[in-house]
Amino acid sequence: VKKCSLIGDWVNDLGSNMTITSMNAKGVFTGTYHTAVTATSNKIEKSPLQGAMQKSPNQKGQPTFGFTVNWSFSDSITVFTGQCFVGDDGKEVLKTMWLLRSHVENIKNDWKATRVGVNVFNRQQLQE
Ligand code: BTN
């Protein structure tokens, strides 16, 4: 059975690009995230991500994971959680949910500070 690996280049349903560059023996990984969209009016820049992948033996090659994107062009933070699946076509897909926390000026605005959504990532096809 083909196993899922998080290492490499991914693109999601919004057209955002993510590269996971390194993973250590404990499943801790790092990478960069280039979002296609923003809730701000700022100029989008590539931003760092840090995460962890579950390595328990009963995950059958379809591991759960989470990561945080610390946006370098805004004062927001996004956390993603998801699972890597191998589809019937043998292709890997990351099914995720995210929370985007925006900065607000005071506690009265806390109620509107968090967005939630889903993203599906497919492995980026090799470019020529
Ligand atoms: C910001 O707007 O403050 C930072 C960029 C947020 C981009 C969000 S994170 C969840 C969703 N998935 C993406 O690929 N981009 C948006």
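Residues numbered from 1 in each chain as written. Predicted model: local features only at pLDDT ≥ 70, side-chain atom pairs only at ≥ 80, totals over all residues. Heavy atoms only, no water.

Colleague: Honestly, the sheet that holds strand β4 (residues 47-53) in this entry has me stumped. Any pointers?
Modeller: Hydrogen bonds between backbone groups are what pair the strands of a sheet, and the pairing can be parallel or antiparallel. If you trace the 8 strands once around the closed barrel, you get β1-β2-β3-β4-β5-β6-β7-β8, paired in antiparallel fashion. On average, adjacent strands in this sheet sit at an angle of 30° to one another, irrespective of strand direction. Alignment of strand β7 (residues 92-101) against strand β8 (residues 114-123), held across 9 bridges, turns out to be antiparallel. If you follow R101 over to β8, its bridge partner there is T114. (Pairing = 2+ DSSP bridges. Helix = DSSP H or I, 4+ residues; strand = E, 2+ residues; numbered from the N terminus. Axes fitted to C-alpha atoms, helices over the stretch in contact; angles between N-to-C directions.)

Colleague: Where do I start with the pattern of salt bridges in this structure?
Modeller: Side-chain pairing between opposite charges can occur once the charged atoms of the two side chains come close. Tallied over the entire structure, the rule returns 3 salt bridges. Here R123 and E92 are joined by a salt bridge, their closest N and O atoms 2.6 Å apart. Residue R123 is located in strand β8, and its partner E92 is located in strand β7; the two are separated by 31 residues in the primary sequence. As a salt-bridge pair, D110 and R101 come within 2.8 Å of each other at their nearest N and O atoms. Given a relative accessible area of 36%, D110 falls into the partly exposed group. Among the charged side chains, a salt-bridge network with shared partners connects K2, E92 and R123. (Salt bridge = Lys/Arg side-chain N within 4 Å of Asp/Glu carboxyl O. Buried < 20%, exposed > 50% of the residue type's maximum accessible area, 1.4 Å probe, protein only.)

Purely geometric stuff here, so don't read any function into it on its own.
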